[in-house]
Amino acid sequence: EVQLVESGGGLVQPGGSLRLTCAASGFTLNTYAISWFRQTPGNGREGISGISSFGGAIYIGPVKGRFTISRDNAKNTVYLQMNSLKPEDTAMYYCAAARLSAAWYASLSESDMNYWGQGIQVTVSS
């Protein structure tokens, strides 16, 4: 069964850090680009970071300099290190995988994604 499973979320104070993990099973992650999206109630998913099959990374402005995406192909895992967290980072976070041509480039487009994780909550609050 093809699965992506997020872990590492939870409650953190403003200025704190979390590391999200996206663990893949049922397929070889190293042939996919992986992206992180987030969603708040009543809104669509917002792509925030992506990493290509070769490791090139992209970020949207609000997270650039604070978040770092990385991948460990040997562990079939992708990470999102989130530092200097702000209350506005509070959201459900999803990882997603894009195969074939999309894998050559990082993507933040939902339509490029073939597989999605179940999501994990991140709450930034005092």
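The structure presented is a predicted model; accordingly, all values stated were derived computationally and were not measured.

K.L.:
Sorry if this is basic, but what is going on with the overall build of the protein chain here?
P.N.:
Across its full length, the protein chain holds zero helices and 11 strands. Order of helices (α) and strands (β) in the protein chain, N terminus to C terminus: β-β-β-β-β-β-β-β-β-β-β. A compact globule built from 126 residues should have a C-alpha radius of gyration of about 14 Å, and the protein chain, at 13 Å, falls within 12% of that. If one aligns the C-alpha atoms of the protein chain with their principal axes, the spans along those axes are about 40 × 30 × 30 Å. Within the span of the protein chain, comprising 126 residues, buried residues form 44% of the whole. Put simply, 62% of the contacts in the protein chain that link residues at least 6 apart link residues at least 24 apart. Approximately 6,100 Å² of the protein chain is accessible, and the part contributed by carbon and sulfur atoms is 49%.

K.L.:
What should I look at first to understand the sheet that holds strand 3 (residues 18-25) in this one?
P.N.:
In sheet architecture, strand pairing relies on hydrogen bonds along the backbone and comes in two forms, parallel and antiparallel. Sheet architecture is open: four strands sit in the order 1-3-8-7, paired in antiparallel fashion. Sheet topology places strand 1 (3-7) and strand 7 (67-72) at the edges, where each strand pairs with a single neighbour. The average angle at which neighbouring strand axes cross in this sheet is 15 degrees, direction not considered. Where strand 7 meets strand 8 (residues 77-82), six bridges bridge the pair, whose relative direction is antiparallel. Along strand 8, the bridge assignment pairs R71 with V78.

K.L.:
How do you make sense of the state of the cysteines when you look at a structure like this?
P.N.:
The term disulfide refers to a covalent linkage connecting the sulfur atoms of a pair of cysteines. Applying the stated criterion across every chain, the model contains one disulfide. The disulfide bridge from C22 ends at C95, spanning 2.1 Å between sulfur atoms. Judged by the torsion about the S-S bond (70 degrees), the C22/C95 disulfide is right-handed. Placement of C22 in strand 3 and of C95 in strand 9 (residues 91-98) is noted, with a sequence separation of 73 residues between them. An identical accessibility class is assigned to C22 and C95; each is buried.

K.L.:
Honestly, the side chain of S107 in this entry has me stumped. Any pointers?
P.N.:
In this structure, S107 sits in the loop between strand 9 and strand 10 (115-116). A polar contact is formed between the side chain of S107 and the backbone nitrogen of S109, at a distance of 3.1 Å.

K.L.:
Could you clarify how one ought to interpret the pairing of strand 11 (residues 120-124) in this entry?
P.N.:
Side chains on a regular strand alternate between the two faces of the sheet. The alternating pattern of strand 11 places I120, V122 and V124 on a buried face and Q121 and T123 on a face that is not buried. Judged from the three bridges that link them, strand 2 (residues 10-12) and strand 11 form a sheet pairing that is parallel. Each bridged residue has a counterpart across the sheet, and for L11 the counterpart in strand 11 is T123. For strand 9 and strand 11, the ladder comprises three bridges, and the chain directions are antiparallel. Note on strand 11: the bridge partner recorded for Y93 is I120.

About the thresholds
- Residues numbered from 1 in each chain as written.
- Predicted model: local features only at pLDDT ≥ 70, side-chain atom pairs only at ≥ 80, totals over all residues.
- Heavy atoms only, no water.
- Helix = DSSP H or I, 4+ residues; strand = E, 2+ residues; numbered from the N terminus.
- Rg over C-alpha atoms; globule rule 2.2 N^0.38 Å.
- Buried < 20%, exposed > 50% of the residue type's maximum accessible area, 1.4 Å probe, protein only.
- Contact = heavy atoms within 4.5 Å.
- Areas by Shrake-Rupley, 256 points an atom, 1.4 Å probe, with all protein chains shown as cover.
- Pairing = 2+ DSSP bridges.
- Axes fitted to C-alpha atoms, helices over the stretch in contact; angles between N-to-C directions.
- Disulfide = S-S within 2.5 Å.
- Polar contact = N/O pair within 3.5 Å; in protein donor to acceptor, adjacent residues only side chain to side chain.

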